[in-house]
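For reference, the chains in residue letters:
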Amino acid sequence: MVRKTKEDTQQTYEALLNAAEQVFCEKGVSKTTLNDVAVAAGMTRGAIYWHFKDKKELFHALCDRAFLPMETLLTEITSSSIDDPIATIRRLNLHFLRQVTINPRQTKVFDIIFHRCEKTAEMQSFIQERESRAECIDKIAEIFKAAVAKGALPANTDIAIAVQINHGLLVGLVHEWLIDPSAYDLSAHAETMIDVLMAGLVTRPPLLKS
């Protein structure tokens with residue numbers, strides 16, 4: 001028996017994720033089995049169980065692969081001093097929308113999360129895990145706090161609500177656009193939409209209730 005190299009193992013891992021992406025899009029997550037993914041990848045059940053103990057772990061790996069570039073950018077930005085927090089939030093928002101609309105992998109994964117994850121008892125726990133993304137939300141909140149510290153937003157800005165407004169618009173836009181991507185070109189209109197959001201946050205920021 002030929003021993004697999006690290007490169008072989010990584011190629012198998014990527015091929016399984018690619019197959020999962022395809023099958024999840026076609027059948028939905030709850031109706032897909034690990035055997036379905038193995039068959040789509042042209043591999044045995046043993047090969048998929050070598051990499052993933054269950055469907056939850058496979059689903060998480062698929063999401064992590066898609067989200068890693070955005071999370072890496074966010075970590076890089078928040079790990080150093082931010083000169084213009086409002087411009088930084090705008091940049092991150094545009095990056096997010098453009099990645100989802102231009103990068104086929106991002107598009108497929110968000111379509112799976114929003115429209116191919118049936119709310120069954122099996123799925124509920126790890127759908128919630130992916131949707132929470134607490135660490136990313138916390139990092140965005142830090143940028144809003146920097147905007148307050150630099151005077152770009154009032155001292156009594158309700159940071160938590162500002163973050164939710166920002167997050168809600170992005171998620172809502174992607175969720176609705178994926179239902180019918182032919183309805184309009186989200187990538188082409190992303191900058192205008194984000195500028196409307198940023199203008200609202202700056203001119204009428206949510207304030208803490210007294």
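Predicted model only: the values in this text are computed from it and were never measured.

Some points on the overall build of the chain
Right, so step 1: On a plain count of helices and strands, the chain comes out with ten helices and zero strands.
Right, so step 2: When the helices and strands of the chain are placed in sequence order, the string is α-α-α-α-α-α-α-α-α-α.
Right, so step 3: Along the first, second and third principal axes, the C-alpha set of the chain runs to 65 × 40 × 35 Å.
Right, so step 4: Expressed as a percentage of its 210 residues, the buried residues of the chain come to 40%.
Right, so step 5: Considering only residue pairs separated by 6 or more positions, the chain has 73% of its internal contacts joining residues 24 or more positions apart.

Points about the pattern of salt bridges
Right, so step 1: Taken as a whole, this structure holds nine salt bridges when the rule is applied.
Right, so step 2: For Arg98, the salt bridge goes to Glu191, with nearest N and O atoms at 3.7 Å. Within this pair, whereas Arg98 is found in helix α5 (residues 85-102), its partner Glu191 is found in helix α10 (residues 186-203), the two being separated by 93 residues in sequence.
Right, so step 3: Its salt-bridge partner being Glu142, residue Lys145 comes within 3.3 Å of it at the nearest N-O pair. Remark: Glu142 and Lys145 occur in helix α8 (residues 134-149); sequence separation between them is three residues, near one turn of the helix.
Right, so step 4: Here Lys145 falls in the partly exposed class, since its relative accessible area comes to 42%.

Description of helix α6 (residues 104-115)
Right, so step 1: With twelve residues, α6 extends 16 Å from end C-alpha to end C-alpha; this agrees with the ideal 16 Å at 1.5 Å per step.
Right, so step 2: Every buried residue of α6 is listed here: Gln106, Thr107, Val109, Phe110, Asp111, Ile112, Ile113 and Phe114.
Right, so step 3: Buried residues belonging to α6 abut α1 (6-27), α4 (55-78), α5 and α9 (159-179).
Right, so step 4: By the N-cap criterion, in which a side-chain oxygen at the helix start approaches the backbone nitrogen of a residue two or three places on, α6 is capped by Asn103, the distance to Arg105 being 2.9 Å.

Digging into the nonpolar core
Right, so step 1: Membership of the largest hydrophobic core comes to 57 residues, with the highest contact counts inside it found for Leu58, Leu97, Phe110 and Phe144.
Right, so step 2: Of all the secondary structure elements, the ones that give two or more residues to this core are α1, α2 (34-41), α4, α5, α6, α8, α9 and α10.
Right, so step 3: Sort the elements by how many residues they give to this core and α4 lands first, with eleven residues.
Right, so step 4: Contact partners of Leu58, with chain neighbours within four places excluded, come to Leu17, Ala20, Phe24, Leu34, Val37, Ile48 and Phe52.

A few points about α5
Right, so step 1: Taking 1.5 Å of rise per residue, the 18 residues of α5 would be expected to cover 26 Å, and the 25 Å separating its terminal C-alpha atoms lies within 8% of that figure.
Right, so step 2: Buried residues in α5 make contact with α4, α6, α8, α9 and α10.

Examining the state of the cysteines
Here a disulfide denotes one covalent bond, and it connects the sulfur atoms of two cysteines.
Right, so step 1: Evaluated as defined, the whole model comprises zero disulfides.
Right, so step 2: Residue Cys136 stays outside any disulfide, its sulfur separated by 12 Å from that of Cys63, the closest cysteine.

Description of the side chain of Thr88
Right, so step 1: Structurally, Thr88 can be placed in helix α5.
Right, so step 2: Residue classification places Thr88 among the buried residues on the basis of a relative accessible area of 12%.
Right, so step 3: Apart from residues lying up to four places away in sequence, Thr88 is in contact with Ile77, Ile82 and Ile143.

Quick look at the side chain of Arg65
Right, so step 1: Inspection of the secondary structure assignment puts Arg65 in helix α4.
Right, so step 2: We classify Arg65 as buried; its relative accessible area is 16%.
Right, so step 3: Arg65 has contacts with Glu14, Leu17, Asn18, Glu21 and Arg105, leaving out every residue within four places of it along the chain.

Parameters at a glance
Residues numbered from 1 in each chain as written. Predicted model: local features only at pLDDT ≥ 70, side-chain atom pairs only at ≥ 80, totals over all residues. Heavy atoms only, no water. Helix = DSSP H or I, 4+ residues; strand = E, 2+ residues; numbered from the N terminus. Buried < 20%, exposed > 50% of the residue type's maximum accessible area, 1.4 Å probe, protein only. Contact = heavy atoms within 4.5 Å. Salt bridge = Lys/Arg side-chain N within 4 Å of Asp/Glu carboxyl O. Expected span 1.5 Å × (residues − 1). Polar contact = N/O pair within 3.5 Å; in protein donor to acceptor, adjacent residues only side chain to side chain. Core = buried A, V, L, I, M, F, W, Y, C linked by side-chain atoms within 4.5 Å. Disulfide = S-S within 2.5 Å.

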